[in-house]
Number of protein chains: 4
Amino acid sequence: MSNKRRRRLLHPDARRRELLDAAVAVFARKGYRRASISDIIAAADAARGTFYLYFKSKEDVFLAILDDFQARLSAMLGEEAAVAATRAGDGRALLRDDILRWLRFFERHRDATTILLKEATSIDPQFEPALAALRRIALDHLARRFRSMQARGLMRASLSPELMSHLQLGMFDQLLSALVLRPGWKVKLDVLADQLADFAWSGARSAAGE
Amino acid sequence: MSNKRRRRLLHPDARRRELLDAAVAVFARKGYRRASISDIIAAADAARGTFYLYFKSKEDVFLAILDDFQARLSAMLGEEAAVAATRAGDGRALLRDDILRWLRFFERHRDATTILLKEATSIDPQFEPALAALRRIALDHLARRFRSMQARGLMRASLSPELMSHLQLGMFDQLLSALVLRPGWKVKLDVLADQLADFAWSGARSAAGE
Amino acid sequence: MSNKRRRRLLHPDARRRELLDAAVAVFARKGYRRASISDIIAAADAARGTFYLYFKSKEDVFLAILDDFQARLSAMLGEEAAVAATRAGDGRALLRDDILRWLRFFERHRDATTILLKEATSIDPQFEPALAALRRIALDHLARRFRSMQARGLMRASLSPELMSHLQLGMFDQLLSALVLRPGWKVKLDVLADQLADFAWSGARSAAGE
Amino acid sequence: MSNKRRRRLLHPDARRRELLDAAVAVFARKGYRRASISDIIAAADAARGTFYLYFKSKEDVFLAILDDFQARLSAMLGEEAAVAATRAGDGRALLRDDILRWLRFFERHRDATTILLKEATSIDPQFEPALAALRRIALDHLARRFRSMQARGLMRASLSPELMSHLQLGMFDQLLSALVLRPGWKVKLDVLADQLADFAWSGARSAAGE
DNA sequence: GATGAATGAGAGTTCATTCAT
DNA sequence: TATGAATGAACTCTCATTCAT
């Protein structure tokens, strides 16, 4: 008769992680506004009050997700920079490898990426700063990389690195939401990376670089 | 004490337009779920009941907006096809003109475009069909154009038209949401079109086409 | 394209009749509260404002229906009294004839009767007086008849005429709502009248049971 | 200024009962459609949200009330059958006892009975099944009892048990709504039962009238 | 720390009634 | 007289948040 939840004592960090993961899954499926606290606590098998022990509000848990993601993204980008330093050689191959690494990263964090794409255009102004910061990180990275390739004479100087970073980010977004993150969709990421690298390389390289 | 609204008698078509325009503005600013009927009727200076005289529900206005937009978009694409038929000549210049025409179209329908970008990732499953249809129109158009350029030997055959259409749409989305639609932003659309055409042309043209 | 109603000029009495009849049909089908003015004017093919030209309010049209019905009922009862005066003879046969006349009357005014049965228990206190008056007419008539049969030695003096009138009315109500007014139901009214008269006259015990 | 309700913490079962009882009282007084959730929560001294913690919708409480009543009614009928089995003897006295038991039952559940009588003619089609089921229980019981008395030679075989059950139910309804349930009305239930039993058993004709 | 019953502001929707034409 | 667009109070229902246990 009693299907009451038993009191579940957990290490605070573990409990927080459970709630955060549940929130990621729920927001990915329903979007921020359609998702309810009830959805999250049901997914986390926690009591209502417990949620508010770990997060100040619905907004707060969303921001925590963004933080989490930003940390992982930064880590990945740091790694990439380290790799890049060790390798010289064919610009196009380097580009392809980078693209593939990114695609794999986003595929690995499918739900968080879905949330980002869903809410990227900032449905709530309160999230604008956090989302802008994330976008900034990606754009800065892309622009920096483009500039460094320009410096090495690989890319045309006539192209604006800022604009190019936007174009690249746009292509990524679209690829992700249309192909990679579609539930039940299995794309060959390396084929995607090939074609995207082919297009982006030919599109931007300088004549001298040929 | 009495700040009752004066009865504003309007022709049904005019009143419907007012409400639809108000809804577009409100949805663009707040997104579908955060926007309330109260917001819309306040913006349209209409009574609550009046809204429901013209639209069955909140969902209904939203779909009406999509319909409206789809009609305009189709009209624009039809026009473009007509223009393309009359003009031959430099592929890159043609591309640039098309891009510019699209950018101008979206800038002219700034709010509706904002809504589309905001809700494109379909926060509500009920809108999926209508949004998918719109996306389809754009993707089909882009793919068709790419294929016709491939047929004329202008674009590399190794590139998938479907994928290319996604990439182009992605670049557009990003440009629009990051630059064109930012409130208070004044970009030179022709500069944007130049760079985008430059990148897209070099990126995809066949060697033979040089 | 225009499915606008043409201005229909009618004699006021005819227009009022149209609206009243429409209201009877609508109230019978939906009940007073579920029925809307929209339903009524749609059924009467009249404009919204026209309704309020002839009736002060929704309540008003309902009371008008009761008035109408009361007039017809009184007429029928007067007739019955006249008939009764001319005929002497077998009490049971008289009873049967009366019952049959009543059943036919209610069947003829099927919709109005349905309304009465539906709303009889007075969902809105504002209708209590009018409904009570109608009930009174029926109960008084039944009690008066019972008393006159008692006076003629036909009925037991130990039975309260008031109570008997209630019992008879109750049997009528039930028969009407369960059998006679069921849509698509075709009962032989004379069979019903036979059994009801048999029961009411002779009682239910078998001769053997005496 | 702050007339905010104090938080009243209750055991769920107790709270549900409070709400259900309040709903019964409100529906009895106003009828299903006129009654509002505001009425119910005011009567139960609960917050709006609390109501929806225990019932899915307005329709849901109503059905819960019917369920509740049906359970009690079935219990009472079961009891009656048990009693009947133990007692033999005078048919008329048995009938009288049964009638009195029913009258007392309905008087004890005055509000629920009122609701049933008010909504019996099914103002909302959604309730038709539940109401029909209740009516069925009563009619079946009455018909079964009549048949068993016919089998014992107590009742005339020429009378249709189905019809008789309707007549008996009709008399009950009328008695209940006109006499027993009238607020502030105190009737002697045993006198009522006497007369009804007398009528139903022996019929209305006087011995002299034979 | 954990629980879940309780809260009420605010959402979308309906509809009797009014009134300018 | 007839019309139908306009109105807003009142309705049912949702859900982020609180707090007594």
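Residues numbered from 1 in each chain as written. Chains lettered and ligands numbered in written order. Predicted model: local features only at pLDDT ≥ 70, side-chain atom pairs only at ≥ 80, totals over all residues. Heavy atoms only, no water.

Caption draft 1: Local environment of the overall build of chain A. What chain A contains, in helices and strands, is nine helices and zero strands. In sequence order, the secondary structure elements of chain A are arranged as α-α-α-α-α-α-α-α-α. With respect to the principal axes defined by its C-alpha atoms, chain A has extents near 75 × 35 × 30 Å. Burial statistics for chain A: of 210 residues in total, 48% are counted as buried. Across chain A, contacts joining residues at least 24 apart in sequence account for 69% of those joining residues at least 6 apart. Carbon together with sulfur atoms contributes 54% to the accessible area of chain A, which is approximately 10,300 Å² in total. Separation between the mean location of the 35 positive side-chain charges and that of the 26 negative ones in chain A comes to 5 Å. (Helix = DSSP H or I, 4+ residues; strand = E, 2+ residues; numbered from the N terminus. Buried < 20%, exposed > 50% of the residue type's maximum accessible area, 1.4 Å probe, protein only. Contact = heavy atoms within 4.5 Å. Areas by Shrake-Rupley, 256 points an atom, 1.4 Å probe, with all protein chains shown as cover. Lys, Arg positive; Asp, Glu negative; His and termini not counted. Charge placed at Lys NZ, Arg CZ, Asp CG, Glu CD.)

Caption draft 2: Region of interest: the interface of chain C and chain D. Facing the 49 residues of chain C at the interface are 49 residues of chain D. Across the interface of chain C and chain D, roughly 4,300 Å² is buried in total on both sides, 59% from carbon and sulfur atoms. Counting every contact that joins chain C to chain D gives two salt bridges. Between R156 of chain D and D198 of chain C there is a salt bridge, with its nearest N and O atoms 2.8 Å apart. Linking chain C to chain D there are six residue pairs in polar contact (both at pLDDT 80 or more). In the side of chain C that touches chain D, the residues fall into 21 nonpolar, 14 polar and 14 charged. (Buried area = accessible area lost by both parts, 1.4 Å probe. Salt bridge = Lys/Arg side-chain N within 4 Å of Asp/Glu carboxyl O. Polar contact = N/O pair within 3.5 Å; in protein donor to acceptor, adjacent residues only side chain to side chain. Nonpolar A, V, L, I, M, F, W, Y, C, P; charged D, E, K, R; others polar.)

Caption draft 3: Molecular detail of the interface of chain A and chain B. Every contact between the two is made by 42 residues of chain A and, on the other side, 40 residues of chain B. Interface area for chain A against chain B, summed over the two sides, is near 3,300 Å², with a carbon-plus-sulfur share of 63%. Counting the contacts that link chain A with chain B gives two salt bridges. If you look at where chain A meets chain B, you find five residue pairs in polar contact (both at pLDDT 80 or more). The greatest single-element share of the side of chain A that touches chain B, amounting to 13 residues, is contributed by helix α8 (residues 161-180) of chain A. Across the side of chain A that touches chain B, the residue classes break down as 17 nonpolar, 12 polar and 13 charged.

Caption draft 4: Quick peek at the relation of the copies chain C and chain D. Superposing chain C onto chain D takes a rotation of 178 degrees combined with a translation of 0.0 Å along the rotation axis, leaving an RMSD of 0.3 Å. Such a turn and shift between the copies fits a two-fold axis. Taken together, the interface assignments show that 96% of the residues at the interface of chain C recur at the interface of chain D, consistent with an identical surface on both copies. (Least-squares fit on C-alpha atoms with pLDDT ≥ 70 in both.)

Caption draft 5: Just helix α1 (residues 12-30) of chain A, in detail. Residues and elements named next belong to chain A. Compared with the 27 Å implied by 1.5 Å per residue over 19 residues, the 27 Å span of α1 between its first and last C-alpha is a close match. Taken residue by residue, α1 has R15, L19, L20, A22, A23, V24, V26, F27 and A28 as its buried positions. The inward-facing, buried residues of α1 abut α2 (37-44), α3 (48-54), α4 (58-86) and α6 (110-119). Looking one or two places after α1, you find G31, whose phi comes out positive at around 85 degrees. (Expected span 1.5 Å × (residues − 1).)

Caption draft 6: Representation of the pattern of salt bridges. For the coordinates displayed, the defined rule picks out 56 salt bridges over all chains. Between D68 of chain B and R72 of chain B there is a salt bridge, with its nearest N and O atoms 2.8 Å apart. Separated by four residues within a single helix, D68 of chain B and R72 of chain B lie in helix α4 (residues 58-86), roughly one turn from each other. Given a relative accessible area of 36%, R72 of chain B falls into the partly exposed group. Where R17 of chain C meets D21 of chain C, a salt bridge forms, and the shortest distance between an N and an O atom there is 3.3 Å. Of this pair, R17 of chain C and D21 of chain C are both found in helix α1 (residues 12-30), four residues apart, which corresponds to roughly one turn of the helix. Each member of the salt-bridge network shares a partner with another, and the members are R17, D21, D68 and R72 of chain A.

Caption draft 7: Quick look at the nonpolar core. Judged by nonpolar contacts, the single largest core of 136 residues is most densely connected at F27 and L103 of chain A together with F27 and L103 of chain B. If near-sequence neighbours (up to four positions away) are discounted, F27 of chain B is found in contact with Y32, A35, I40, K58, V61, F62, I65, I115 and K118 of chain B. With 135 residues, the next largest nonpolar core counts F127, L159, L179 and A197 of chain D among its residues. (Core = buried A, V, L, I, M, F, W, Y, C linked by side-chain atoms within 4.5 Å.)

Caption draft 8: Examining the protein's contact with DNA strand E more closely. R7 and G49 of chain A, R7 of chain B together with G49 and Y54 of chain D are the nearest of the 47 residues found near DNA strand E. Taking the atoms of DNA strand E that fall within 4 Å of the protein, sugar and phosphate contribute 55% of them. Take R15 of chain A: an N or O atom from its side chain is 3.3 Å from a phosphate oxygen of DNA strand E. Of all elements in the fold, only α3 of chain A, α3 (48-54) of chain B, α3 (48-54) of chain C together with α1 (12-30) and α3 (48-54) of chain D reach the threshold of two or more residues within the surface near DNA strand E. Its residues placed into classes, the surface near DNA strand E shows 18 nonpolar, 10 polar and 19 charged. (Near = heavy atom within 4 Å.)

Caption draft 9: Seen up close, the domain arrangement of chain A. Residues and elements named next belong to chain A. You can read the domains of chain A as domain 1 (8-55) and domain 2 (62-209). Centre-to-centre, using C-alpha coordinates, domain 1 lies 29 Å away from domain 2. Taken together, the contact between domain 1 and domain 2 spans 13 residues of the former and 14 residues of the latter. Summed over both sides, the interface between domain 1 and domain 2 buries roughly 1,000 Å², with carbon and sulfur atoms accounting for 69% of that surface. When the buried surface of domain 1 facing domain 2 is broken down by residue, V24, A28 and Y32 rank first, second and third, together holding 49% of it. Taken together, the connections running from domain 1 to domain 2 amount to one salt bridge. Taking the shortest distance from any N to any O, the salt bridge between R17 and D68 comes out at 3.3 Å. (Domains from an automatic or database assignment.)

Caption draft 10: How the structure looks around the protein's contact with DNA strand F. Lining the immediate environment of DNA strand F, one finds 46 residues, of which G49 and Y54 of chain B, R7 of chain C together with R7 and R48 of chain D sit closest. Close to the protein, within 4 Å, the atoms of DNA strand F belong to sugar or phosphate groups at a rate of 55%. Here a phosphate oxygen of DNA strand F and a side-chain polar atom of Y54 of chain C are 2.7 Å apart. Between DNA strand F and I37 of chain D there is a distance of 3.0 Å, counted from a phosphate oxygen to a backbone nitrogen or oxygen. Among the secondary structure elements, those contributing two or more residues to the surface near DNA strand F are α3 of chain A, α1 (12-30) and α3 of chain B, α3 of chain C together with α3 of chain D.

Caption draft 11: Structural view of the packing of α1 of chain B against α4 of chain B. Residues and elements named next belong to chain B. The contact between α1 and α4 brings their axes to 10 Å, and the two run at 95 degrees. It follows that α1 is roughly perpendicular to α4 by the angle criterion. Here R16, R17, L20, A23, V24 and F27 of α1 come into contact with α4, specifically with K58, V61, F62, A64, I65, D68 and R72. Within the contact of α1 with α4, the residues separate by chemical class into eight nonpolar, no polar and five charged. (Axes fitted to C-alpha atoms, helices over the stretch in contact; angles between N-to-C directions. Parallel < 35°, antiparallel > 145°, perpendicular 65-115°, else oblique.)

Caption draft 12: Inspection of the arrangement of the chains at higher detail. The interface with the most contacts, out of two pairs of chains in contact, is the one formed by chains C and D. As for chain C relative to chain B, no contact occurs, and the smallest C-alpha gap between them is 13 Å. No part of chain B reaches chain D; the closest C-alpha pair between them is 21 Å apart.

Caption draft 13: Local environment of the side chain of H141 of chain A. All names here are of chain A. For H141, the location among the structural elements is in helix α7 (residues 128-151). Residue H141 is classed as buried on the basis of its relative accessible area of 10%. Every residue in contact with H141, bar those within four places of it in the chain, is listed here: L77, E80 and W102.

Caption draft 14: Broad picture of the relation of the copies chain A and chain B. If you rotate chain A by 178 degrees and push it 0.0 Å along the axis, it lands on chain B with an RMSD of 0.3 Å. Same-surface contact between copies: 95% of interface residues of chain A are shared with the interface of chain B.

Caption draft 15: Molecular detail of the packing of α1 of chain D against helix α2 (residues 37-44) of chain D. Residue and element names in this part refer to chain D. It is at 8 Å that the axes of α1 and α2 come closest, and there the two elements cross at 125 degrees. In this view, α1 runs oblique relative to α2, as classed from their interaxial angle. At the point where α1 passes α2, the crossing takes the right-handed sense. Across the interface between the two elements, E18, L19, A22, A23, V26, F27 and K30 from α1 touch D39, I40, A43 and A44 from α2. (Left-handed = near helix turned anticlockwise from the far one by under 90°.)

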